[in-house]
Amino acid sequence: MACAYQIHTVREDTLEMDYILFGNGAKKLVILPGISVQPVTGSAAAIAEAYAPLFAETYTVYLPTGRKQVEAGYSVDDMADDTAVFCRLVGIETADVFGASLGGMVAQRLAICYPSLVHKLILGSTISRQNNVTRHTLKQFYKPAARMDVRALNRTFFEYIYSPETLAQFGEVLTSLEDCGTPEDLHRFCVLVKAAAAFDTYDELEKIQCPTLVLGAKNDRVVLGEASLEIARKIGCEVYLYEQFGHAVYDEAPDYKQRMIDFFSNGERKSEV
């Protein structure tokens, strides 16, 4: 059954940002997505359908898609500042926050710099600082995007973020998407990859004081499963690492969203790893 959703736009000064909205619960959930080749609004129906069964009654869910116009030098700190402005514009004073991949980096900065905004935090498939795997993978993403080779970019992107099982099951669908992406999309992708490559908040992680859960996958080819353990050790919080699946474990693992709602419902304080 399809879930009703809406796409809105907020504007203030130079900031223009679309966001996906669904659910009618009293609590607020902000989902911060990772890098994608095309605007995430194109996946709004699938996102709403995936999260609505567990979240729509309890939460009003906001998924900001990021500043529409980004230029060289745009950083993860800038993304966190934009997210704080977004929250003010839509009337969010505090929310549970889930950030995946690049969104997890933004979520870390949001929790550090705007602690009153983040009630509880889930960090999925993300890093607090660079490692050899992220450096290599981000270069593999950047090279085809920089030369405007959308087919090579999508093939590389799918290969790295999805597990072999997902690639085998949905290979025909993914192949049909290989040519999707405009020059503007690829320019934006390059800016965001450079922002991710410059990200490092490891020495500030202890400033995160809200209840936090870290989720990852041992076979993550983008950031490494060890990166999730590193974050959890530094914060002193709960962590769960999937034995299977890939970087996109948040889409692949059938119990992932149940883990999310269980934590948001029950996790009230930091716990030791």
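Above this note sits the structure.
Rules and cut-offs
Residues numbered from 1 in each chain as written. Predicted model: local features only at pLDDT ≥ 70, side-chain atom pairs only at ≥ 80, totals over all residues. Heavy atoms only, no water. Helix = DSSP H or I, 4+ residues; strand = E, 2+ residues; numbered from the N terminus. Rg over C-alpha atoms; globule rule 2.2 N^0.38 Å. Buried < 20%, exposed > 50% of the residue type's maximum accessible area, 1.4 Å probe, protein only. Contact = heavy atoms within 4.5 Å. Areas by Shrake-Rupley, 256 points an atom, 1.4 Å probe, with all protein chains shown as cover. Lys, Arg positive; Asp, Glu negative; His and termini not counted. Charge placed at Lys NZ, Arg CZ, Asp CG, Glu CD. Salt bridge = Lys/Arg side-chain N within 4 Å of Asp/Glu carboxyl O.

A. Seen up close, the overall build of the protein chain. Counting its secondary structure elements, the protein chain contains 10 helices and 8 strands. For 273 residues, the compact-globule formula gives about 19 Å, and the C-alpha radius of gyration of the protein chain, at 17 Å, lands near that figure. Over its C-alpha atoms, taken along the principal directions, the protein chain stretches across nearly 45 × 40 × 40 Å. The buried share of the protein chain, reckoned over its 273 residues, is 53%. A fraction of 78% describes how many contacts in the protein chain between residues 6 or more apart in sequence connect residues 24 or more apart. With the model as given, the accessible surface of the protein chain reaches about 12700 Å², and the carbon-plus-sulfur share is 49%. If the 26 positive side-chain charges of the protein chain are averaged to one point and the 36 negative ones to another, these points end up 4 Å apart.

B. Up close: the pattern of salt bridges. Scanning the entire structure with this criterion turns up 17 salt bridges. Aspartate 77 is paired through a salt bridge with arginine 109; the nearest N and O atoms lie 2.9 Å apart. On the criterion of sequence distance, the pair formed by aspartate 77 in helix α2 (residues 76–90) and arginine 109 in helix α3 (residues 102–113) is long-range, its members being 32 residues apart. When its relative accessible area of 38% is taken as the criterion, aspartate 77 is described as partly exposed. Here arginine 129 ties to glutamate 230 by a salt bridge, and the two come within 2.7 Å at their closest N and O atoms. Remark: glutamate 230 occurs in helix α8 (residues 225–235) and arginine 129 occurs in the loop between β6 (118–124) and α4 (132–146); sequence separation between them is 101 residues. Judged by its relative accessible area of 31%, arginine 129 falls in the partly exposed class. Here the salt bridges share partners, and the residues they tie into one network are Arg11, Glu16, Asp18 and Lys68.

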